[in-house]
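Structure at a glance
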Amino acid sequence: MVRNKERAPVTELARDMSLLHVTMIGVGAMIGAGIFVLTGIAAGVAGPALLLVFAFNGLVTSLTAMAYAELGSCYPEAGGGYLWVKEALPQPNGFLSGWISWFAHAVACSLYSVAFGAFTYDLFKIAGLDLAKITSFLPGPETHTAAAKFTAVIVVICFIYINYRGAKETGQAESLVTILKIVIIALFIGFGLYAIFFGRLEEPWTGHFEGFFQKGPLGIIMAMGLTFIAFEGYEIIAQCGEEVKNPKRNIPRSIFLSLVIVVPIYILVAFVALGAVVPPEGQPSWMYLGQKGELAMIEAAEHFMLGKVGRIVFLIGGLFSTMSALNATIYSSSRVSFAMGRDHNLPGVFGLIHKKKRTPHMAIFFSGALIILMAVALPIEDIASATDAMFLILFIFVNLAVINLRKNRPDLDRGFKVPFFPYLPLLATLLNLGLAVFLFFYRPLGIWVCVGYLLMGIALYYFYSRKKEFEAKAAPIVHAERAVFRLDPCHFHILVPVANESTVNQLQQFAIKIAKAYDADITNLHVIGVPAQLPPSEGRKYLDQARNLLNKAVVLAEREEVPVHSLIKLTHNIPKAIIETCEQRKIDLMILGWEGEVPAKDRVFGTILDEIVLNTVCDIALVCRAPSQEMKIERILIPVSNLKYALLSLKLAEALTIEKKAPIVLFHATHREDTQEIIHHYQDELDKLREEIDPSRYKIVVKRISRIGEAILAETQHHDLIIMGAPEEGLVRRALFGDLPVQIARETEGALILTKKYTGDVKSWFQKFFGSRKTMLD
């Protein structure tokens, strides 16, 4: 029974990040540039009590981490603290949280860029090149400082361009960079511990910790505020909430796992830096590190980590770390300012998306300008002070938000709840406020910059944003599309990913024929790819276009009374969204379109199709040129080498010609002379498959020939439709033997369908790397 109903396509956000992936993002942010840049500066502020600074910061930050865990589990959407505060607290709190978050991430990027410049200057100096001489024309109190800031501006411009283009580190690359940083820091800790306990220090290492509290409580508190940015990785985790699998469970776990990993690492780094460094005679190690500033850890590495080799290794780690942090903070700052432009809290230009790149280009450029301004205008200590102060204020807003939402929205589905409520969030609020206030005693200039920025934000809200936000509120628009479904469930499911108007008709017509033959339903899927610089939800701007496209497919199925469902997914990873749809909907056959474009080297069909074909857990029909509806299929050709691998091709051939019973030719090219024996063998194999196919439909043609590819190409000229197996071999075998199906796809002009039979998880994995040559002619 089939009936009509007004129903819109389902729209889903594809969640790609596993617990490991999002934890690595948090760990990478926390042990990133902060450990390379701020440890030495903090040692000069706190003295030997630097150990307590990191231990106390671990305790203080865990209180705010609980608020992030609770809110992240019930609001797993891009936006993080800005989104939660806007939801929980009255304006202008929401506006100010976004305004602060934008500035905090931008100034953090300024800090990392200046550190990158300092590391680059030192690396060039080791190589015998003095960047100070090259940039001597620049103004500045010290030539090496001017050189570092000039380099900072250059690298920021480069990453602005990268983000504008829409390039991003993949999850694998992010994890590799994080692992590299952990390995280098582990080497640093290992060599340092060896030097302390087994090396030949000129004096006992315990002497480096004499006068433990000589900088007093004020020094400890100021250093805590200065290094607090090192623990803000859970804000980055919150920014990724929209993309995390099972966010109710994984966001809290990733936040706490990140802290459990990072806090001991920071304490160990502080211990070995203070205990293993051999400063000039009469100078305590903490003072020596403080004087070296952002290069202190590089100097420490040279002391006990294989001399210059250790210095270079740690410099490389610092460069990778700051580059990774640069990209992450440009991404975060532009995302926040873009969200504020979209919400009419900032001028509409911030909310623009580039038509071709689909990136928030104006938000990226404005964020870049703010980053460069702060990097050039302030000393690195004031940049760090301003960054920490802004994040501390943002965390205050978040703790107040968790209190308000727990009281006013008890219905929210929380994966984690802050214990001892509301006392812990209140304690976290007071501690964060205290750290922010005491930063004024460390670097007043950075705090005055923050105060000026906050006053500017308040003025902007009351004179511009409040009015624009009110004007923008309008009645929602409701979309409805036609769909066809039936009450009795189908037991065979077909997925048709629809990408563009040029292929929707031929793919859907092909799917309808198969659906009729198998009494199946069809799921039409359109995936909206969203650049990394935008949250997946921003793909909603393209929903109307996607709905129009899917509606064309639905109408075709409706005419033939075939059950059909439509689905739109918004994602950063198109192949993964398609593959996960197959798994979630238990798809039996996926029908893909390939326009025959020549892909890059080491690719068969192109990046997206290759990944889908190799990883999908269902049968695949790749339609290169589908037979048109008007075209009469008189003869079908199926090149084979073994019927065991050709079953999917045989079934599709029969389904496409179920009404006209067109002859199906099984063509086998061989070097052997006993062609009659091969024909009898195929006839026996067809009889064995009688329960699944009709053996009477097939004509077996065997030709003895030296060049198999040429024989198949010649045979295709006499047939209306060719169906053959898609490549299943790994890249190594592909490079050695070539790809006959792809060669035929490119050299023949007739209708062509490539098939790939799903053979189970283990076997399919094996075939990706060690595929049998026999599967080439499915």
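This one's a predicted model, so the numbers in the text were calculated from it and none came from an experiment. (Residues numbered from 1 in each chain as written. Predicted model: local features only at pLDDT ≥ 70, side-chain atom pairs only at ≥ 80, totals over all residues. Heavy atoms only, no water.)

Notes on the overall build of the protein
Summing up its helical and strand segments, the protein has 28 helices and 13 strands in all. Taken across its 778 residues, the protein has 57% of its residues classed as buried. Here the analysis covers contacts within the protein between residues at least 6 apart in sequence; of these, 84% occur between residues at least 24 apart. Within the structure as shown, the protein displays about 32,700 Å² of accessible surface, and the carbon and sulfur contribution to it stands at 61%. (Helix = DSSP H or I, 4+ residues; strand = E, 2+ residues; numbered from the N terminus. Buried < 20%, exposed > 50% of the residue type's maximum accessible area, 1.4 Å probe, protein only. Contact = heavy atoms within 4.5 Å. Areas by Shrake-Rupley, 256 points an atom, 1.4 Å probe, with all protein chains shown as cover.)

A look at the side chain of Thr 329
With respect to the helices and strands, the residue Thr 329 is situated in helix α14 (residues 308-342). Look at Thr 329 and you get buried, because its relative accessible area is 5%. Looking at Thr 329, its side chain comes within polar contact range of the main-chain oxygen of Ala 325, at 2.7 Å. Contacts of Thr 329, omitting those with residues within four sequence positions, involve His 105, Ala 108, Cys 109 and Tyr 112. (Polar contact = N/O pair within 3.5 Å; in protein donor to acceptor, adjacent residues only side chain to side chain.)

Notes on the packing of helix α3 (residues 50-74) against helix α16 (residues 380-408)
It is the contact of α3 with α16, at a shortest axis distance of 9 Å, that shows an interaxial angle of 50°. The orientation of α3 with respect to α16, classified from their angle, is oblique. For the element pair α3 and α16, the recorded crossing hand is left-handed. Touching Leu 63, Thr 64, Ala 67, Tyr 68, Glu 70 and Leu 71 of α3 are Leu 394, Phe 395, Val 398, Asn 399, Ala 401, Val 402, Leu 405 and Arg 406, all from α16. (Axes fitted to C-alpha atoms, helices over the stretch in contact; angles between N-to-C directions. Parallel < 35°, antiparallel > 145°, perpendicular 65-115°, else oblique. Left-handed = near helix turned anticlockwise from the far one by under 90°.)

Thoughts on the packing of α14 against helix α15 (residues 361-377)
It is at 8 Å that the axes of α14 and α15 come closest, and there the two elements cross at 120°. The orientation of α14 with respect to α15, classified from their angle, is oblique. Crossing of α14 against α15: the hand is right-handed. Mapping the contact onto sequence places Ile 330, Ser 333, Ser 334, Ser 337 and Phe 338 in α14 and Ala 363, Ile 364, Ser 367 and Ile 371 in α15.

Re a nonpolar patch on the surface
Residues Leu 218, Leu 433, Val 437, Phe 440, Phe 441, Trp 448, Val 451, Leu 455, Ile 458, Tyr 462 and Phe 463 make up a contiguous nonpolar surface patch of about 1,100 Å² in total accessible area. Among the elements of the structure, α17 (423-442) and α18 (444-472) are those that each provide at least two residues to the nonpolar patch. Looking at the secondary structure, you find Leu 455 in helix α18. Relative accessible area serves as the criterion here: at 55%, Leu 455 is assigned to the exposed category. (Patch = residues over 30% accessible without salt bridge, like charges linked within 9 Å, V, L, I, M, F, W, Y side chains within 5 Å. Salt bridge = Lys/Arg side-chain N within 4 Å of Asp/Glu carboxyl O.)

Section: unusual backbone geometry
In this chain, Gln 91 is followed by Pro 92 through a cis amide linkage whose omega measures 10°. Note that Pro 92 resides in the loop between α4 (81-88) and α5 (93-126). Cis geometry marks the peptide bond from Phe 421 to Pro 422; its omega dihedral reads 0°. Not every positive phi belongs to a glycine, and Leu 306 is a case in point at roughly 65°. Positionally, Leu 306 belongs in the loop between α13 (296-304) and α14.

Some words on α14
The terminal C-alpha atoms of α14 lie 50 Å apart, and with 35 residues this matches the ideal 51 Å at 1.5 Å per residue to within 8%. With 26 of 35 residues buried, α14 lies mostly within the body of the structure. Looking one or two residues past α14, His 344 carries a phi angle of roughly 70°, positive in sign. (Expected span 1.5 Å × (residues − 1).)

Quick notes on the state of the cysteines
The full count for this structure, using the stated rule, is zero disulfides. Free of any disulfide, Cys 582 has its nearest cysteine sulfur in Cys 618, 3.9 Å distant. (Disulfide = S-S within 2.5 Å.)

What to know about the environment of Cys 109
Within the secondary structure layout, Cys 109 lies in helix α5. The buried category is assigned to Cys 109, whose relative accessible area is 0%. Contact partners of Cys 109, with chain neighbours within four places excluded, come to Leu 326, Thr 329, Ile 330 and Ile 371.

What to know about the packing of aromatic side chains
What the rule picks out here adds up to 28 aromatic pairs. Ring geometry for Phe 438 against Phe 441: centres 5.7 Å apart, planes inclined by 45°, an arrangement best described as tilted. Linking Phe 438 with Phe 441, this pair stays in helix α17, spanning three residues, or about one helical turn. Given a relative accessible area of 53%, Phe 441 falls into the exposed group. Measuring from ring centre to ring centre gives 4.8 Å for Phe 492 and Tyr 518, while their planes differ by 20°; the resulting arrangement is stacked. Here Phe 492 is found in the loop between β3 (482-486) and β4 (493-497), whereas its partner Tyr 518 is found in helix α19 (residues 501-518), with 26 residues between them in sequence. Ring pairing ties together the aromatic residues Phe 95, Trp 99, Trp 102, Phe 103, Phe 350, Phe 366, Tyr 453, Tyr 461 and Tyr 462, which thus form one cluster. (Phe/Tyr/Trp six-rings, centres within 6.5 Å; stacked < 30°, edge-to-face > 60°.)

Some words on the pattern of salt bridges
Counted by the stated rule, this structure contains 19 salt bridges. With a closest N to O distance of 2.9 Å, Arg 311 and Asp 122 form a salt bridge. Linking Arg 311 in helix α14 with Asp 122 in helix α5, this pair joins segments that are 189 residues apart in sequence. Grouping residues by exposure puts Arg 311 and Asp 122 together as buried. Connected via shared salt-bridge partners are Asp 122, Glu 299, Glu 302, Lys 308 and Arg 311.

Quick look at the pairing of β4
β4 sits mainly inside the fold: five of its five residues count as buried. Residues His 493, Leu 495 and Pro 497 point to one face of β4 and Ile 494 and Val 496 to the other, with burial holding for every one of them. Across five bridges, the pairing between β4 and strand β5 (residues 521-529) is parallel. When the sheet's bridge partners are listed, His 493 is paired in β5 with Asp 521. On the question of chirality, the crossover connecting β4 to the parallel β5 by way of α19 is right-handed. Relative to strand β7 (residues 589-593), β4 is paired through two bridges, and the arrangement is parallel. Residue pairing in the sheet places Ile 494 in a bridge with Leu 589 of β7. (Pairing = 2+ DSSP bridges. Right-handed = clockwise from strand over helix to strand, strands pointing away.)

Let's talk about the nonpolar core
Within the largest apolar cluster, 152 residues are counted, with the highest numbers of intra-cluster contacts made by Tyr 68, Leu 111, Phe 119, Phe 188 and Leu 289. Here Phe 188 is in contact with Val 269, Val 272, Ala 273, Met 297, Ala 300, Ala 301, Phe 304, Met 305 and Phe 314, once residues within four sequence places are set aside. Counting 52 residues, the second-largest nonpolar core is a separate cluster that includes Ile 494, Ile 512, Ile 514 and Ala 553. (Core = buried A, V, L, I, M, F, W, Y, C linked by side-chain atoms within 4.5 Å.)

With respect to helix α9 (residues 216-227)
Taking 1.5 Å of rise per residue, twelve residues should cover 16 Å, and α9 covers 17 Å from first to last C-alpha, within 8% of that figure. Most of α9 sits inside the fold, with nine of its twelve residues counted as buried. For α9, the set of buried residues is Gly 216, Gly 219, Ile 220, Met 222, Ala 223, Met 224, Gly 225, Leu 226 and Thr 227.

Points about the pairing of strand β11 (residues 698-704)
Of the strand pairs in this sheet, strand β10 (residues 664-670) and β11 are connected by seven bridges, and their pairing is parallel. Across the sheet, His 668 pairs through a bridge with Val 702, a residue of β11. In this view, the connection linking β10 to its parallel neighbour β11 by way of helix α24 (residues 675-688) has right-handed handedness.

Interpretation note: all reported values are geometric properties and have no functional meaning in isolation.
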